[in-house]
Amino acid sequence: MGFSVPAFSTMKRLFVLFSLLSCVGVSAQNMKNFYRQAKHDEGTLYFVLPREMACCEAGPGGFSGSLSYDYTYLDARDSVAMLMTVATDGVFEADSVCFETVRGAFGFGAEPIYRTAGKREWRSRLRCVVPYDLWAEMYRASEPFVLRVYSSKSGAGPGFSDKRKTWKKIRPYFGTLQETIRLNR
């Protein structure tokens, strides 16, 4: 008893189709853990779930831990809101941020949302608005950008960046999200 050629060909096609569909499902599941999308009165709202960046250049003031951040984008606007939490050993009154990319450095004001004291560190929550085009460019680059958080009061400016291994993993997710945004406009 053997398979006929047409039956084998059909089975092969079904296997290939099943394999492709299972890959799409895994990709969709991973994107579901990366961002949320919702309808809003003004358009579609995209929210990138919180991520972390390691400190790559500590400044004066004893900076510890990492930077936690998330993005919110409303497609009716031409800017992206970045919210970040910086952990420091002492009070840190950040008032601006700078994105250092392969194309240059771009600075923006940072609005403090709150500061809280923990057991071993101070946490500062900040909000910064970045032009959409810069945000898209930051994640198209093959090298990770550096995010520097500044305090004009203390002169401190610790730098944060993704490690190369992490960058290679997350960059495609941002690319897929930005393509989704482009297609839905």
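Bear in mind the structure is a predicted one, so any value in this text is a computation, not a measurement.

Asker: How would you summarise the environment of Val130 if you had to cite specific residues and measurements?
Answerer: Looking at the element boundaries, Val130 is found in strand S8 (residues 122–131). Its relative accessible area of 1% is what places Val130 among the buried residues. Here Val130 is in contact with Ser79, Val80, Phe99, Phe108 and Trp135, once residues within four sequence places are set aside.

Asker: Could you give me a rundown of the side chain of Gln178, with the residues and numbers involved?
Answerer: Its place among the elements puts Gln178 in helix H3 (residues 164–184). Gln178 has contacts with Tyr132, Trp135, Ala136 and Tyr139, leaving out every residue within four places of it along the chain.

Asker: Could you give an account of the environment of Asp75, with specific residues and numbers?
Answerer: Structurally, the position occupied by Asp75 is in the loop between strand S3 (63–74) and strand S4 (79–88). Relative accessible area serves as the criterion here: at 18%, Asp75 is assigned to the buried category. Separated by 30 residues in sequence, Asp75 and Leu45 place their C-alpha atoms 6.5 Å apart. Reaching out from Asp75, the side chain makes a polar contact with the backbone nitrogen of Thr44 at a distance of 2.9 Å.

Asker: Please set out the pairing of strand S2 (residues 43–57) residue by residue, giving values where relevant.
Answerer: Note that strand S1 (residues 35–40) and S2 share 6 bridges and pair antiparallel. Note that in S2 the partner of Tyr35 across the bridge is Val48. Taking the residues between adjacent antiparallel strands as the criterion, S1 and S2 are bridged by 2 residues.

Calculation notes
Every chain's residues receive numbers from 1 upward, in the order its sequence appears when written. It should be noted that, the model being predicted, local features are given only for residues of pLDDT at least 70 and side-chain atom pairs only at 80 or more, the latter also being counted only at that level, while totals for whole chains, interfaces and linings use all residues. As a rule here, side-chain values come from all non-hydrogen atoms in the structure, and water together with hydrogens is ignored. Under the scheme used here, helices are H or I runs from DSSP no shorter than 4 residues and strands are E runs no shorter than 2 residues, and both carry numbers assigned from the N terminus. Buried residues are those whose accessible area, probed at 1.4 Å on protein chains only, stays under 20% of the maximum for their type, while exposed residues exceed 50% and partly exposed ones sit between those limits. Whether two residues touch is decided by their heavy atoms; if any such pair falls within 4.5 Å, the residues are in contact. In the analysis that follows, any N or O atom pair within 3.5 Å is treated as a polar contact, provided that within protein one partner can donate a hydrogen and the other can accept it, and provided that, for residues neighboring in sequence, both atoms belong to side chains. Pairing between strands is defined by DSSP: at least two bridges between the two strands are required.

Note that all results are geometric; they support no functional claim without further evidence.
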